[in-house]
Amino acid sequence: MSTNWKQQLQTQRQRKEEYFAESEHSPLTPHERADFDGLSHYPPDEDYRFRVPLHEHDEKERVTVATSTDGEQEYLRWGEFRVDIDGEEVVVQAYKSDPDEDRLWVPFRDATSGDETYGAGRYIDLEADEHRSPDGWLLDFNQAYNPTCAYSDRYECPLPPGENWLEVPIEAGEKAYH
């Protein structure tokens, strides 16, 4: 895979930091924005990038997901990705909130959650036009990010279902916000 992805990743990260620091829509308060010195990430690592097929489920089961504010949201369990991380097969479920949308949502917790990364878990969003090709989907854990509730309790965030609580460490993507 090309090294260009690393530059694209760095650009995405920089844009997010600019948004957090400057936008009135930032999840940070004006006071927090004034003191904001950036987000922390693992260095880009090609070992956490996978071009894999989505094993689409025959029956798209509705899953009720708890939220950070003790609410609930419904998703469709759309399919699963199977990848090898440090010699261990990892299965991660992908969800849709609407069957007609072309995007997949991959929420997960892993062995770094609550220590190096946000305790409630992280997300990866997969857009069909950007992440899907004839060879499969690009599942890139380097793009894992914290939900907005990691920065403020003003937000309600869906929590990763237990089936996406991974036992392996995913040392890629965004780290916990101080």
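Higher on the page you've got the structure.
Residues numbered from 1 in each chain as written. Predicted model: local features only at pLDDT ≥ 70, side-chain atom pairs only at ≥ 80, totals over all residues. Heavy atoms only, no water.

(A) Focus on the pairing of strand S6 (residues 103–108). Of all six residues that make up S6, five are buried, and the element is covered over most of its length. Note that S6 and strand S7 (residues 122–127) share six bridges and pair antiparallel. Bridging from a neighbouring strand, Trp105 pairs with Asp125 of S7. (Buried < 20%, exposed > 50% of the residue type's maximum accessible area, 1.4 Å probe, protein only. Helix = DSSP H or I, 4+ residues; strand = E, 2+ residues; numbered from the N terminus. Pairing = 2+ DSSP bridges.)

(B) Broad picture of helix H1 (residues 4–22). Spanning 19 residues, H1 covers 27 Å between terminal C-alpha atoms, matching the ideal 27 Å at 1.5 Å per step. Listed in full, the buried residues belonging to H1 are Trp5, Leu9, Arg13 and Phe20. Here the buried residues of H1 occupy an arc of 75° about the axis, which is enough to place them on one side. Of the exposed residues in H1, the ones pointing more than 90 degrees away from its buried face are Arg15 and Glu22. Residues of H1 that are buried in the fold lie against helix H2 (30–35), strand S1 (49–52) and strand S9 (136–140). (Expected span 1.5 Å × (residues − 1). Arc of directions from axis to C-beta. Contact = heavy atoms within 4.5 Å.)

(C) Broad picture of the sheet that holds S9. Taken in spatial order, the three strands line up as S1-S9-S8 in an open sheet, and their pairing is antiparallel. This sheet does not close on itself; its edge strands, each paired only once, are S1 and strand S8 (132–133).

(D) Looking closely at the nonpolar core. Among the nonpolar cores identified, the biggest contains 26 residues, and Phe81, Ile85, Leu139, Phe141 and Ile170 are the most heavily contacted of them. Every element with two or more residues in this core is listed here: S1, strand S4 (72–85), strand S5 (88–96), S6, S7 and S9. For this core, the leading source of residues is S4, giving five residues. Among residues more than four places away in sequence, those in contact with Leu139 are Tyr48, Arg49, Phe50, Val52, Phe81, Val83, Val92, Val106, Ile124 and Leu126. Among the nonpolar cores identified, the runner-up in size contains 15 residues, and Phe20, Leu39, Val65 and Tyr75 belong to it. (Core = buried A, V, L, I, M, F, W, Y, C linked by side-chain atoms within 4.5 Å.)

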